[in-house]
Amino acid sequence: MGAGLSGYADILKAPHAARLLTGTLVGRLPNGIAHIAIVFFVRAEGGSYTLAGALAAVYGLATAAGQPLLGRLVDLHGQPRVQLPAAVVSALGMTVFALTGIASLPAAYAAVAVAGFFTPPLEGGLRALWPGVLGHREDRVHRAYAMDAIAQEVMFTVGPLLVTLLVWLLSPAAALLVINVLGVLGALSVVVSEPSRTWRSAPREAHWLGALRSPGLLALLGSFFFVGLALGSITVAAYAYADDHGRASVYGWFMAALGLGALLGGVVYGARTWAGAPERRLRVITGLLALGYLPLVLTPGVPAMTVLGVVSGVFLAPAIACAFIVVDRHAPRGTVTEAFSWLVTTFGVGAAVGTAAAGPAVELGGTTAGFAVAGFGGIAALLVLLATGRVLAAPGRTEHIASMDENDRSGAVEPGFSSGHRA
């Protein structure tokens, strides 16, 4: 593990690397935790769990719809001309929502839809910049992807606590505003950097289905829809659990525990070399992820529930890291950026559906029913991978990083790992 950790440090020493990683994470704060702030805000305004879940779901669905479209605009016009304006429009939409509340439901839905749709595709943009920043060295680019996934878990660990702190110190409306101001500042930090300003996309292969013509990619997207559903449902179920215990801080600690588990799992997974096909490994990891969600339905006391939160998150980052390389192996030639965008979109749609489903589940069956939705999502994700094993066993391509600043096009090695043998 020591070699892996030193590899992370080596990446951060590269020019612009730390700034791009930090700016992207801060810029993605709204996308990562705005749905949590929406739930707090709606409940503070007197809205029901169902309404809170529905508005958070609209935000998630709008984000999922906007990512591929904005990503294509980035390919056509460059990062600064798309990322920063999108971040500003998204923040304005959330500002309208925070100022007008839920008095007019059509206006509330429209505001969160605008905020979600114009969420800048910073995640895919960072992956496009890594090869140029790291000198097109395959090992360093793969390690950067692993580090990227780990850093996101830091955000998901700190994010819920940040929302809870802002709500406690200021108000739910102020939390929405602060989060989105930080998002704009993060996007600004990225787009004024030299790598972002000078990056240009390579030509892409023309096909009306694009990346979606790959059966293996479709199978993976189907599975990660349900992973997203599980996580989305936990957002609402955890709030209901905190409500049951009379302390809003319980929510922040539980969600932080979930992120901490993913962070620990990601660090351990990314710091070593793995043998074998990533498709097979992904099935095992997804099965363990599903197994970690099931005990949440027990809803024990706060200390035990916090421990269960850590355990349930351990296999999340490894699942995402492994999915990155499976996407890369199955994406048709020249469509890797689009394929990653579809993974983000499908995951977001699943999270939105899970958020919407958990609201009625909590109101009809209590907190246990809300966590049961998460357990169902984990099991369904595993079943999709098992049912499509033959399709996933035939990757579409195995090429190496191109000598252009577009994105990682490697096919056979996942972030920081060897796909066939130990180094």
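Before reading on, note that the structure itself is shown above.
Residues numbered from 1 in each chain as written. Predicted model: local features only at pLDDT ≥ 70, side-chain atom pairs only at ≥ 80, totals over all residues. Heavy atoms only, no water.

**Here we look at the pattern of salt bridges**
Applying the stated criterion across every chain, the model contains two salt bridges. For Arg28, the salt bridge identified is with Glu123, shortest N-O distance 3.3 Å. Taken together, the residues span a long stretch of sequence, with Arg28 in the loop between helix H2 (17-27) and helix H3 (29-44) and Glu123 in helix H7 (residues 122-133) at a distance of 95 residues. Note on accessibility: Arg28 and Glu123 belong to one class, buried. We note a salt bridge from Asp243 to Arg43, for which the minimum N-O separation is 3.5 Å. With Asp243 in helix H11 (residues 215-244) and Arg43 in helix H3, this residue pair connects regions lying 200 residues apart in the sequence. (Salt bridge = Lys/Arg side-chain N within 4 Å of Asp/Glu carboxyl O. Helix = DSSP H or I, 4+ residues; strand = E, 2+ residues; numbered from the N terminus. Buried < 20%, exposed > 50% of the residue type's maximum accessible area, 1.4 Å probe, protein only.)

**Observations regarding a nonpolar patch on the surface**
There is a patch of nonpolar side chains on the surface, built from Val284, Leu288, Leu291, Leu294, Ile379, Leu383 and Leu386 and spanning about 610 Å² of accessible area. Mapped by element, the contributors of at least two residues to the nonpolar patch are helix H13 (278-293) and helix H16 (336-387). Here Leu383 lies in helix H16. (Patch = residues over 30% accessible without salt bridge, like charges linked within 9 Å, V, L, I, M, F, W, Y side chains within 5 Å. Areas by Shrake-Rupley, 256 points an atom, 1.4 Å probe, with all protein chains shown as cover.)

**Things to note about the nonpolar core**
The biggest cluster of nonpolar side chains holds 92 residues, and the ones touching the most others in it are Ile38, Leu55, Phe97, Phe224, Ile234 and Phe371. The element that contributes the greatest number of residues to this core is H11, accounting for 18 residues. When residues no more than four places from it in sequence are discounted, the contact partners of Ile38 are Ala52, Leu55, Ala56, Tyr59, Met94, Phe97, Val112 and Leu176. Of all hydrophobic cores here, the second largest spans 26 residues; its members include Leu21, Ala86, Ala146 and Val190. (Core = buried A, V, L, I, M, F, W, Y, C linked by side-chain atoms within 4.5 Å. Contact = heavy atoms within 4.5 Å.)

**Side note on the side chain of Gln79**
Looking at the secondary structure, you find Gln79 in the loop between helix H4 (49-77) and helix H5 (80-100). On the accessibility criterion, Gln79 (1% relative accessible area) is buried. A distance of 3.3 Å separates the side chain of Gln79 from the backbone oxygen of Gly125, its partner in a polar contact. Here Gln79 is in contact with Val74, Leu84, Gly125, Leu129, Val190, Val191, Ser196 and Trp199, once residues within four sequence places are set aside. (Polar contact = N/O pair within 3.5 Å; in protein donor to acceptor, adjacent residues only side chain to side chain.)

**Details of helix H15 (residues 316-330)**
Look at H15: 21 Å from first C-alpha to last across 15 residues, which is about the 21 Å you get at 1.5 Å a residue. Burial analysis of H15 places 15 of its 15 residues in the buried class, which makes it a mostly covered element. (Expected span 1.5 Å × (residues − 1).)

**What about H11?**
End to end, H11 covers 44 Å across 30 residues, agreeing with the expected 44 Å (1.5 Å per residue, within 8%). At the exit of H11 stands Gly246, carrying a positive phi of roughly 70°.

**As for the packing of H2 against helix H9 (residues 172-191)**
At a minimum axis separation of 7 Å, H2 and H9 run at an interaxial angle of 155°. If you check the angle between H2 and H9, you find them roughly antiparallel. As for the relative orientation of H2 and H9, their crossing is left-handed in sense. Mapping the contact onto sequence places Arg19, Leu20, Gly23, Thr24, Val26 and Gly27 in H2 and Leu182, Gly183, Gly186, Ala187, Ser189 and Val190 in H9. Looking at the contact of H2 with H9, its residues break down into five nonpolar, six polar and one charged. (Axes fitted to C-alpha atoms, helices over the stretch in contact; angles between N-to-C directions. Parallel < 35°, antiparallel > 145°, perpendicular 65-115°, else oblique. Left-handed = near helix turned anticlockwise from the far one by under 90°. Nonpolar A, V, L, I, M, F, W, Y, C, P; charged D, E, K, R; others polar.)

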